[in-house]
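# Understanding the architecture of this molecule
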Amino acid sequence: MALERPKKSNKTQPTPRKKTKSSISYADSFNSFIKGLKSERFRISIGFILSVFVLFLFVSFVSYFFSGAADKSVFDNMTFRESLSYRQSVKNWGSVMGSYFSELFIDNSFGIASFSLLYFGIIVSFRLMKVKIVPIWKSFLQTSFWLIFGSIALGYLTDVLPVLQPSFFALGGNHGIYITNQLNSFIGKFGTLLFIISSFVVYLIIVWSRAIPFFKSLLVKKEKNRENQSQLDEEAVAIGTEIVPEEWIVTQATEEEEEIEEFVDIEPIETVDEKKDEVIFEIDPLKTENNNSDDENESDKAKSKQLVEQLGRYDSTLDLSKYQPPTLELLKSYGMESDLQIDMEEQKANKDRIVKTLRNFDIEIESIKATVGPTITLYEIVPKSGIRISKIRNLESDIMLSLAATGIRIIAPIPGKGTIGIEVPNNDPQIVSMHSIIRSKKFMESRYDLPIALGKTITNEIFMFDLTKMPHLLVAGATGQGKSVGLNAIITSLLYKKHPSQLKFVLIDPKKVEFNIYGSVEKHFLAKLPDGEDAIITDTTKVVHTLNSLCMEMDSRYDLLKKAHVRNIKEYNEKFAGRELNPEKGHRYLPYIVVIIDEFGDLIMTAGKEVEMPIARIAQLARAVGIHMIIATQRPSVTIITGVIKANFPARVAFRVSSMIDSRTILDTPGANQLVGRGDLLFSQGSDLTRVQCAFVDTPEVEQIARFIGNQRGYPTAFYLPEYIGPENEGVSPSAADLSKRDVLFEEAARMIVATQQGSTSMLQRKFSIGYNRAGRLSEQLEIAGIVGPNESGKVRQVLIQTEYDLEQLLKMLP
């Protein structure tokens, strides 16, 4: 009998199956409901409703100050339900509801400080609608402080000065009155005042980075400053020059530093926004050259430390303090991008065909598994022992025939694994949008210096790399296989991640149609020659001049690194941010420069060695100084991608090509000829190959991004590269030598230099709020005209004209 008991348990098995089906349906419904709540439309709808409600409360609160007394006399001591019957008598602009909420928050709770709740409400509503103004946690902390602090401060104020208390509501609300009474009973009115003041000071120290220097400056004796200033004035009169204090400072003035300007003489070089970036260097002309270098270094370190304490670290982004990076709404979304749709029937059929084909050739396998990507599925097989790998590799065409695929790729073996890979295109490839890449956590939280998100791998992971580690990139592929989209994806990644002060592009486009959509970001992200009319370089002669100018910029940066005793641009900018480098000695913040050349083959055919040699020189040396190159071509032949180019471009991207020879030319291995096109690519760095589906970013999306950036306030001009002086124009630059085309500020600058008897380029920057390159050209033109002497390293130019009368006579003689 005991043996029959398991049979009874078996009879109960069908019952839970029915429950499982119903539970699954409920689970599906619940999941669908949760997905609906997380959808973009739902969030935007909730955000809009919340913003309308905040507007309603604001109108009601304002109306309360005018109608609150009348409404209070009618509705005092009534419940909300009772007040509905008297709603015709309500004077508040928000009727009964508005009067109720106003009474609840203003009189019964926090008083006038209740307005801070509206601030938090509007921040949350905008965030739900994907408009980021202030981080939510920051706005929550600020709202909490002002809600409580404002209520207590107003409650204390009306307690000390009852005459300020309105007749029908409390300025600090019931909360403010209660807390104030409690504080007064414990620590007295004077103690409560100290508590309020100290709370506000602590709040300032936490939220305002300049608070500590500001409070320190209040303790400085102004009499001592006046004595020092008068002493400097006397010295200036004695030597007949402008006041030039001893120490050098690098300072950035913001709207929050007006108090500090009382103690530091700040003059702007170039004003491009409400917050302005200023670099000032001042040096005592009487300082001798025989000072001990160690003492100078110690003194400079002490001064830089003092300046950091007073003014904070140098921040290049204050040049354009209100610049906003492009938003995600500018990119197109393609449905449920995060969910990869897998056709299980297709995968099973392909597995069976692969196994059958291998068995037809007497190849048995132990296991096979599939990894599904957006456009490619990787089948990993483990052959039985004794099977030669070369035997499987030779079956590539047979497997392709059995699968009826457009192209497959066999990886035998997969590096780091004991398996053989067979990559098979999906019948229904999915689009990898740039929207899904940019919004990913991996991209958003990336700490790369130059992050490039190229697309997704076979395992559906975001594929990213840091261009500074590459350090240069070769992109090649046949026409129409996704090369232009790939370049747009590279540029888009950088535009979304970097500030205009940190990155500049040099765009070279011989075809004249690929990069013209980026023309609107000229004053934000583009670099060009000073005499260049268009920031997108299309003329071959201008290309040669630009590449040679980049070599000059590279040499100049290496000189700066040598003077700063650092090895790369990151260390240099870190020192400059720490105010350890003297801008009067030529030091400046160095942005990264990314040079992108589309259709490199056309340049080689037209310019040859004139183009190849500067490119090779930049590729060999420019990594340390932050100049990186990306060259692209649709003709991957050995005459275009030469040994010199391949040796200096270790990172390579290969789209589909027509032959194995072209693949070997690009990657030094076959594989690119087996790609399926439409953005399917192989990324190579060293010996590793990674298959990636390039992110798709359409031309209208790029135009919207460029327009969004271009509509914001930018720099006065594009970033100017050094002027290149060709062999035919030895001496000064053409724009400087031709005085008939002199700068519009030429005469004004000449008069100022003669009046002050100082030929300083940095002074021209400060007085006229112009950039370094334009000030340098002005100095060259003044030199050609005979107004100032030649440039002497580390010294101010000598002024050759002594009187304004002589200057006016000279100006009349100029063309």
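Residues numbered from 1 in each chain as written. Predicted model: local features only at pLDDT ≥ 70, side-chain atom pairs only at ≥ 80, totals over all residues. Heavy atoms only, no water.

### A look at the pairing of strand β14 (residues 688-694)
Short version of the rule: DSSP-based pairing: two strands are paired if at least 2 bridges between them are found. The numbering of helices and of strands both runs from the N terminus, where a helix is a DSSP run of H or I of at least 4 residues and a strand a run of E of at least 2.
Pairing between strand β5 (residues 451-457) and β14: three bridges, direction antiparallel. Counterpart to Gly455 in the pairing with β14 is Cys694. Sheet topology note: the strand β13 (residues 680-685)/β14 ladder contains six bridges and is antiparallel. Of the residues in β14, the one forming a bridge with Gln685 is Asp688. Counting the residues in the hairpin turn of β13 and β14 gives two residues, including Gly686, whose phi is positive at 75°.

### Brief notes about the packing of aromatic side chains
Given two aromatic rings, their pairing is described by the distance between the two centres and the angle made by the two planes. Heads up, the condition is: Two rings from Phe, Tyr or Trp (for Trp, the six-membered ring) form a pair when their centres sit within 6.5 Å of each other. Planes less than 30 degrees apart are called stacked, planes more than 60 degrees apart edge-to-face, and all others tilted. Three labels apply to residues, based on accessible area from a 1.4 Å probe with only protein chains included: buried if under 20% of the type maximum, exposed if over 50%, partly exposed otherwise in between. Two thresholds decide whether a charge sits over a ring: the Lys NZ or Arg CZ must be within 6 Å of the ring centre and within 35 degrees of the ring normal.
For the structure shown, the criterion picks out 24 aromatic pairs. Taking the centre distance of 5.8 Å and the plane angle of 70° together, the rings of Tyr100 and Phe101 count as edge-to-face. By relative accessible area, which is 17% here, Phe101 ends up buried. For the ring pair Phe145 and Trp146, a centre distance of 5.3 Å and an interplane angle of 80° mean the geometry is edge-to-face. Phe145 sits in the buried class, given a relative accessible area of 17%. Taken together, Phe53, Phe58, Phe61, Phe65, Tyr100, Phe101, Phe105 and Phe115 form an aromatic cluster joined through their ring pairs. The ring centre of Phe443 lies 5.3 Å from the NZ or CZ of Lys497, which sits over that ring. One cation-aromatic arrangement involves Arg777 over Tyr720; the distance from NZ or CZ to the ring centre is 5.2 Å.

### Some words on the sheet that holds strand β3 (residues 409-411)
Convention followed: Comment: axis = line fitted to C-alpha atoms, over the contacting stretch for helices; angle = value between 0 and 180 degrees taken between N-to-C directions. Any two residues whose heavy atoms approach within 4.5 Å at even a single point are treated as in contact.
Pairing is antiparallel across the open sheet formed by four strands, whose spatial order is β1-β2-β4-β3. Unpaired on one side and paired on the other, β1 (365-372) and β3 mark the two borders of the sheet. Adjacent strand axes in the sheet meet at a mean angle of 20°, parallel and antiparallel pairs treated alike. The pairing of β3 with strand β4 (residues 420-425) spans three bridges and is antiparallel. If you follow Arg409 over to β4, its bridge partner there is Glu423. Together, β1, β2 (376-383) and β4 form the strand contacts of helix α12 (residues 344-360), whose direction differs from that of β1 by roughly 145°.

### A few points about the nonpolar core
Within soluble globular proteins, side chains that are nonpolar generally end up buried alongside one another. Filter applied, for reference: Only buried Ala, Val, Leu, Ile, Met, Phe, Trp, Tyr and Cys residues count toward a nonpolar core, and they belong to the same one when joined by side-chain atoms within 4.5 Å.
If you look at the biggest cluster of nonpolar residues, it comprises 110 residues, and the most contacted ones within it are Leu473 and Phe505. Of all the elements, helix α19 (residues 540-564) adds the most residues to this core, at nine residues. In this structure, Phe505 is in contact with Ile491, Leu494, Leu495, Phe525, Leu526, Ala527, Val594 and Ile596, ignoring residues within four places of it in sequence. Core analysis: the second largest hydrophobic core is formed by 24 residues, Ala749, Ile787, Val788 and Leu811 among them.

### Thoughts on helix α22 (residues 609-621)
Quick reminder of the rule: The span you would expect from a helix comes to 1.5 Å times its residue count less one.
With 13 residues, α22 extends 18 Å between its outermost C-alpha atoms, agreeing within 8% with the 18 Å of an ideal straight helix rising 1.5 Å per residue. On its buried face, α22 sits against α19, β10 (592-597), α21 (600-607), β11 (627-633) and α23 (643-648).

### A look at a nonpolar patch on the surface
What counts is decided by this rule: Each patch is built from residues that are more than 30% exposed by relative accessible area and take part in no salt bridge. Like charges join if they lie within 9 Å; nonpolar side chains (Val, Leu, Ile, Met, Phe, Trp, Tyr) join within 5 Å. The protein chains shown are the only cover counted for residues, whose accessible areas, like all others here, come from Shrake-Rupley with a 1.4 Å probe. When a carboxyl oxygen of Asp or Glu is within 4 Å of a side-chain nitrogen of Lys or Arg, the pair counts as a salt bridge.
A cluster of nonpolar residues, Leu55, Phe58, Val59, Phe65, Phe66, Trp93 and Ile112, forms a patch on the protein surface that exposes about 720 Å² of accessible area. Summarising the element assignment, Trp93 is placed in the loop between α4 (80-83) and α5 (95-110).

### Quick word on the environment of Gly686
Residue placement: Gly686 occurs in the loop between β13 and β14. Measuring from C-alpha to C-alpha, the distance between Gly686 and Ala651 comes to 7.3 Å, with 35 residues separating the pair along the chain.

### Some details on the pattern of salt bridges
Counted under the stated rule, the structure contains 21 salt bridges. Taking the shortest distance from any N to any O, the salt bridge between Lys646 and Asp668 comes out at 2.6 Å. Taken together, the positions of Lys646 in helix α23 and Asp668 in the loop between α24 (660-667) and β13 put the pair 22 residues apart, joining distant regions of the chain. Exposure remark for Lys646: the relative accessible area of 17% places this residue in the buried category. The shortest N-O distance in the salt bridge between Arg797 and Glu783 comes to 2.9 Å. Here Arg797, found in the loop between α29 (772-784) and α30 (804-813), pairs with Glu783, found in helix α29; they are 14 residues apart in sequence, far enough to count as distant. The class for Arg797 is buried, based on a relative accessible area of 11%.

### Focus: the packing of α21 against α22
To be explicit about the condition: The labels follow the angle: roughly parallel below 35 degrees, roughly antiparallel above 145, roughly perpendicular from 65 to 115, and oblique for the rest. Here the nonpolar group is Ala, Val, Leu, Ile, Met, Phe, Trp, Tyr, Cys and Pro; Asp, Glu, Lys and Arg are the charged ones; every other residue, Gly included, is treated as polar.
Running from N to C, α21 and α22 point in directions that differ by 125°, and their axes come no closer than 7 Å. Between α21 and α22, the interaxial angle falls into the category oblique. Contacts from Phe600, Leu603, Ile604 and Ala607 in α21 reach Lys609, Glu610, Val611, Glu612 and Ile615 in α22. Broken down by class, the residue content of the contact of α21 with α22 amounts to six nonpolar, no polar and three charged.

### A look at the environment of Gln802
Counted only if it meets this: Think of a polar contact as two N or O atoms within 3.5 Å of one another; within protein, one of them needs to be a possible hydrogen donor and the other a possible acceptor, and neighboring residues in sequence only count if both atoms come from side chains.
Topologically, Gln802 is positioned in the loop between α29 and α30. A sequence separation of 15 residues divides Gln802 from Ile787, and the C-alpha atoms of the two residues are 9.2 Å apart. Not counting chain neighbours up to four residues away, the residues in contact with Gln802 comprise Val754 and Gln757. Within the local environment of Gln802, its side chain forms a polar contact with the backbone oxygen of Val799, the two atoms lying 3.3 Å apart.

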